[in-house]
Amino acid sequence: MNLKSRLFKKPWQHKDPEVRARAVRESEDPELKAELAELAQRDESPTVRLAALKKINTEAFWLDARLRESEPDILKAADEFLAREVPRADDAGMRSERLEWFSSIDSPDLIRKMATSAADVALRRAALERISAPGFLGDCYGQEADEELAGEILARIDQKSTLERLSQQLRKTRKKRAQAAAGRLRALQVSDGEADADQTAAETLVRRIEALSRGENDQGSRSEALAELEQQWSGLDSPPDTFKRRFEGAANIVRASLNRPPPRPAAENEGGQSEDEPTQAPHEPLQEAAEHIRTTIRQARKNIKPVELLAGWDRAWNQIEEISTADQALKEEMLPLLRELQAQIEQQRTSKPSGTGEKADSSGPAIDFDALLDRIAETLESGDISASHGLIRELRSALGKLPQKARPGKVTGRLQRMEGRLKEMRDYQHWSHNKHRDDLIEQIEKLPDTGQHPDAISAALKEARNEWQRLEKLEILPGDRKRFAAPPGQWRRFQNACKNAFESAKPYFEKRNEIQQETLEQLDRFIEQGMALAGEERPDSKLLQQYMRKSRQAIRRMDDLPPKSRGRSAARLRELMDAISARLDEVFEQIELTKRRLITEAKALSHEKDLKTAIDKAKALQSQWQKAGSGRRKLEQKLWEEFRAPIDPLFDQLKGERQEQKEADKERIAELEALCRQAEELAGLNDSELATAEGRMAGLAGEWNSSTGRPGRLNTRFEKAEAKFRKRLERLHEKARAEARGKIENMADAVQSIWTRRSQGDTENLDTEVPAIDRDQDDELTISLHELATRLVDPEIADEELGELARRNGETARQVVVEMEFLSGEETPESDRQLRMDYQVQRLAQRMSERQGGPDLETELTELSRRWYASLPQPPEQHKELARRFARSRETIERMFGG
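Quick notes on the rules
Residues numbered from 1 in each chain as written. Predicted model: local features only at pLDDT ≥ 70, side-chain atom pairs only at ≥ 80, totals over all residues. Heavy atoms only, no water. Salt bridge = Lys/Arg side-chain N within 4 Å of Asp/Glu carboxyl O. Helix = DSSP H or I, 4+ residues; strand = E, 2+ residues; numbered from the N terminus. Phe/Tyr/Trp six-rings, centres within 6.5 Å; stacked < 30°, edge-to-face > 60°. Buried < 20%, exposed > 50% of the residue type's maximum accessible area, 1.4 Å probe, protein only. Lys NZ or Arg CZ within 6 Å of the ring centre and 35° of its normal. Core = buried A, V, L, I, M, F, W, Y, C linked by side-chain atoms within 4.5 Å. Contact = heavy atoms within 4.5 Å. Expected span 1.5 Å × (residues − 1). Arc of directions from axis to C-beta. Axes fitted to C-alpha atoms, helices over the stretch in contact; angles between N-to-C directions. Parallel < 35°, antiparallel > 145°, perpendicular 65-115°, else oblique. Left-handed = near helix turned anticlockwise from the far one by under 90°.

A. Focus on the pattern of salt bridges. Under the defined criterion, the tally for this structure stands at 45 salt bridges. Taking the shortest distance from any N to any O, the salt bridge between Arg124 and Glu144 comes out at 2.7 Å. One end of the pair, Arg124, is in helix H9 (residues 121–129); the other, Glu144, is in the loop between helix H10 (134–143) and helix H11 (147–156), and 20 residues separate them in sequence. Across the salt bridge formed by Arg583 and Glu586, the nearest N and O atoms sit 3.5 Å from each other. Taken together, the residues span about one helical turn, with Arg583 and Glu586 both in helix H27 (residues 563–604) at a distance of three residues. Bridged by salt links that share partners, the residues Arg814, Glu821, Glu826, Asp832, Arg885 and Arg888 form one connected network.

Shown next as structure tokens:
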């Protein structure tokens, strides 16, 4: 260093801290940049160190300063920077420093922000460990990107309502997580004794097989799905009887849909095969030819070549040296299709000579009878009776529209054969369903003697009726004359059996309904009391926990309530539990955050040099700990042990307390200054944000009023900011009222103007004078005036009718103006003096008859204004004078009450 540099130091080396800080902030000297790190770490002035840190403005320096410094301004600036920058990127090199900084943070908002938006998984995990609210953990579980961390979150959620919500919300977006949440819920229910493992598994299997019976299967083959479900069902030890019946009923439905009708008896024994003979497979080439024919017809190809198909069948048949029973049965099965192919060949032969000389009737769209017959054959082959019936009706209708001679004989004959086959299938279906109905009747007739629970009897009756209706729907097809498929005698037997079974259980249901009604009344009273408790400003946490426990017990016993009330009662109980849970979460979270803060402060006491101050603070912390109350049991003991660990050794020593008290005072003043700055920021918001900030200002005012030892200068500063905020808010409200009033005045002027023009015969473009409105935001008076204006421009309404309305309105308006002049004390013209005197007498008599005082001046003005606008439109020759008198009186009254 030369002599000049020793005599003339740089500005950032000046002995005055303010000069040094200003130089650091403003100078761009390269030498300063080289010394910024040294200034940020070792300068004796906190102001200079803060200026240097802001100049460097990197995460590494802010982290170092946050962990090393004790100055409130530096700590606050560091927290603001780190809270903004740390969540943005994952930096493994600074992970330990980040976690150490984050452990000292006790802001609930920042903790939740880290839990949801931090890029570093370790930071999110650390934040989530400090959060115990089940609802928030559930939200984090749904959006967490790391699967391992999501599993840890799920393991910490023990609130059943949250798990139920997650299993429903994530069902479509994140199916695996929804299944995991459902599994966690079932495990909790089993561990709490609410359900056993077999019952839960049985309920799941029953839901799956019932969905399969309804055709809701996206897993592939229905037969494979049925086999899998039956295998899982057989693995259950003791499923409930109710689920057994439901499973077997659904399984029977699936089996019935999979089993095709058996072959006709004539086809069974036609080949001479006895029942004891082993089943033989058809000749392989013949079987391949049959499958080729079926596939070609089923795919409804336009270029079907019946000659080639029949030739392939004949070649395969002629190759057989010895015709077996299986070959003969396959031939009988293929005969309808072979005849159809032969009919197509004959039709092609007869249609070729016609050439172009014969043209079909072009009066309507041409119908491809062969293609329609092929579709009928395909649906008959697949066993779809309903679709076959519909196609045959369609073909019959098309043939009926043709003249008798124009109906193709080949088509008619082939259709008759298919109708015969359909009748056979329907007869077999009817026979099979009647047998099933007899089984249902027999089962129901046995119900009263089985000794089953009445609920089981009711469930069995409901299943039987549903099954009966299902059979009816399968048999009754469009166009059938009969309304019911079951024979009348069989239906009467079914009805009598159901009636007898229900009568056996009826006394139980009546008594149960009486008990359930009493239970419902008790539950309603309990819910009302619980909601009142949850709505209190400072509810007793122990009493809230008691209500939560009883609510959980009640929602598990919905069967004790009338069936029609269960949904509403369950919803009300969930609402109550949500309200209680929210209040408990608020209370517990605040307690836990307070105690974690106390633990952090207790750990800081080990660094306190003045032991007497440390002991006094330890006692104060113990007092705060007791006042904070009890939190969740799982964390309470652990937190207490953490709190006692740094405090116990301090009671063996003695030292002073000044420095600690000074630090506490600085922190308190810094908090108060922060509140002042927040209040000033709210007072300076723009108009669009000001209206929504009233709650935040109220919160700041409450926090300010709850603070003790506030300096006078800060009191004045806060009160000034609050007064500015209130004044601006009142002006904003006044502006809104003025705008609303102006809109009403504009609409009223439009109504009177429209009537004036119409009464003078000027009706051109009247509808353009009707102002537009917003029915979602405008008040009722504006909407009413808009409807009146719309009516005035309606040419359908006679002028005489509107003139009579205006005349009556003129009388009403005159009365309103007289009353306004009476209230305001303004002079009334000579022509209306008698009206004023009559009103005075009427008002005096009313006051004398009423013991209580009348409405105040502002209320009367509002009512009179409403009546004035309701008196529009008025006769044009009267309106101008009446409006002038009304405006003059209203202005006087508003000055009287400061409106």
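B. Examining unusual backbone geometry more closely. The peptide bond linking Leu872 to Pro873 adopts the cis configuration, its omega dihedral lying at 0 degrees. Here Pro873 shows up in the loop between helix H37 (857–870) and helix H38 (876–897). Of note in this structure, Asn57 is not a glycine but carries a positive phi near 55 degrees. Of note, Asn57 is situated in the loop between helix H4 (46–56) and helix H5 (59–68).

C. A look at the environment of Glu528. Within the fold, Glu528 resides in helix H25 (residues 488–534). Separated by 48 residues in the primary sequence, Glu528 and Leu576 have C-alpha atoms spaced 8.9 Å apart.

D. Looking closely at the packing of aromatic side chains. Taken as a whole, this structure holds 16 aromatic pairs when the rule is applied. Taking the centre distance of 4.1 Å and the plane angle of 20 degrees together, the rings of Trp468 and Phe494 count as stacked. Taken as a pair, Trp468 in helix H24 (residues 454–475) and Phe494 in helix H25 lie far apart in primary sequence, 26 residues in all. Phe494 carries the same exposure label as Trp468, and that label is buried. When the centroid spacing of 4.4 Å and the interplanar angle of 20 degrees are considered together, the rings of Trp625 and Phe643 count as stacked. With Trp625 in helix H28 (residues 611–628) and Phe643 in helix H29 (residues 633–647), this residue pair connects regions lying 18 residues apart in the sequence. Judged on exposure class, the residue Trp625 and its partner Phe643 are both buried. The rings of Trp468, Trp491 and Phe494 are connected pair by pair, giving a single aromatic cluster. Over the ring of Phe136 we find Arg112, and its NZ or CZ is 4.5 Å from the ring centre. Cation over ring: Arg130 sits above Phe102, and NZ or CZ is 5.3 Å from the ring centre.

E. How the structure looks around the nonpolar core. If you look at the biggest cluster of nonpolar residues, it comprises 56 residues, and the most contacted ones within it are Val24, Trp62, Trp101, Phe102, Met114, Tyr141 and Ile153. In contact with Phe102, other than residues within four places in its own chain, are Ile111, Met114, Leu123, Ala126, Ala127 and Arg130. In terms of nonpolar packing, the next biggest core, distinct from the first, is built from 35 residues, Leu286, Ile297, Leu341 and Leu372 among them.

F. View of helix H36 (residues 833–849). Taking 1.5 Å as the rise per residue, H36 with 17 residues should run 24 Å; its terminal C-alpha atoms sit 25 Å apart, in good agreement. Restricting attention to buried positions, one finds in H36 the residues Arg836, Tyr839 and Arg843. In an axial view of H36, the angular spread of the buried residues amounts to 60 degrees, which keeps them on one side of the axis. Facing away from the buried side of H36, by more than 90 degrees, are the exposed residues Val841, Gln842, Leu844, Met848 and Ser849. Tucked inside the fold, the buried residues of H36 contact helix H35 (799–824) and H37.

G. A look at the packing of H35 against H37. H37 packs onto H35 with a crossing angle of 160 degrees between their chain directions and a minimal axis gap of 9 Å. In terms of their interaxial angle, H35 and H37 are classed as roughly antiparallel. With respect to the hand of their crossing, H35 and H37 are arranged in left-handed fashion. Contact residues: H35 offers Asn809, Ala813, Gln815, Val816, Val817, Glu819, Met820 and Leu823, while H37 offers Leu857, Glu860, Leu861, Leu864, Arg867, Trp868 and Ala870.

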